[in-house]
Every structure is written in C-alpha cells, then in structure tokens.
Amino acid sequence: MEIRSTFRTNTYRSIYTTKINKKIYVLHAFQKKSKKGIQTPRKEIDLIKRRLKIAQNLAKGK
C-alpha cells in the first residue's frame, strides 16, 4: 500500500504493509523528485522488497 502526500511543491511517499501479524511495518518513505512519470524508481522498489523480506523474517522470529 502506498500513501502519497504533497507539501508545497514536493511529493512524499510512504510504503508500508499491514499483513504481518496485524502489525504495521514502515518499510520506506522518500521524496519523489522525478518531474516526469508517476512510477516509483526501481532502486526504491528494490529497497522496499529487501526490507519486506527482513520484516517477514522478524515476524517469524528469525
């Protein structure tokens, strides 16, 4: 799930999940700087995926 917020001329995004044992893990938040397109940059997506795996392992007690 993604939350977007605009403050002045800047756009901020928070990516999070609530599907891990009824807990909310904030995986990443960043300022969107691209002036063209609405796609989240690949490096941001890769970082979020790595952090999701870490959160899943923490929830399993690993």
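Check the entry above for the structure.
Keep in mind that this is a model prediction, so the values were computed, not measured.

S.K.: Looking at this structure, I do not really get the pattern of salt bridges. What am I missing?
M.R.: Where side chains of opposite charge bring their charged atoms close, a pairing between them can arise. For the coordinates displayed, the defined rule picks out 1 salt bridge. For the salt bridge of D46 with R42, the shortest nitrogen-to-oxygen distance reads 3.5 Å. You can see D46 and its partner R42 sitting in helix α1 (residues 42–60), 4 residues apart, about one turn around the helix. Judged by relative accessible area, D46 falls into the partly exposed class, the value being 30%.

S.K.: Honestly, the nonpolar core in this entry has me stumped. Any pointers?
M.R.: What tends to happen in soluble globular proteins is that the nonpolar side chains get buried as a cluster. I15, I20, Y25, L27, F30, I48 and A55 form the largest nonpolar core, which has 7 residues in total. Those elements that provide at least two residues to this core are β2 (10–20), β3 (23–32) and α1. Counting residues per element, this core draws most heavily on β3, at 3 residues. If sequence neighbours within four positions are ignored, I48 has contacts with I15, L27 and H28.

S.K.: So what exactly am I meant to see when it comes to α1 here?
M.R.: Structurally, the α-helix is built with 3.6 residues per turn, so residues lying three or four positions apart point the same way. An ideal rise of 1.5 Å per residue puts 27 Å on 19 residues; α1 measures up with 27 Å between its terminal C-alpha atoms. Looking only at α1, the buried set comprises E44, L47, I48 and A55. Viewed along the axis of α1, the buried residues span an arc of 100 degrees, placing them on a single side of the element. Along α1, the residues that are exposed and aim more than 90 degrees away from the buried face are R42, K43, K53 and K60. G61, located one to two residues past α1, shows a positive phi value of around 85 degrees.

Rules behind the numbers
Residues numbered from 1 in each chain as written. Predicted model: local features only at pLDDT ≥ 70, side-chain atom pairs only at ≥ 80, totals over all residues. Heavy atoms only, no water. Salt bridge = Lys/Arg side-chain N within 4 Å of Asp/Glu carboxyl O. Helix = DSSP H or I, 4+ residues; strand = E, 2+ residues; numbered from the N terminus. Buried < 20%, exposed > 50% of the residue type's maximum accessible area, 1.4 Å probe, protein only. Core = buried A, V, L, I, M, F, W, Y, C linked by side-chain atoms within 4.5 Å. Contact = heavy atoms within 4.5 Å. Expected span 1.5 Å × (residues − 1). Arc of directions from axis to C-beta.

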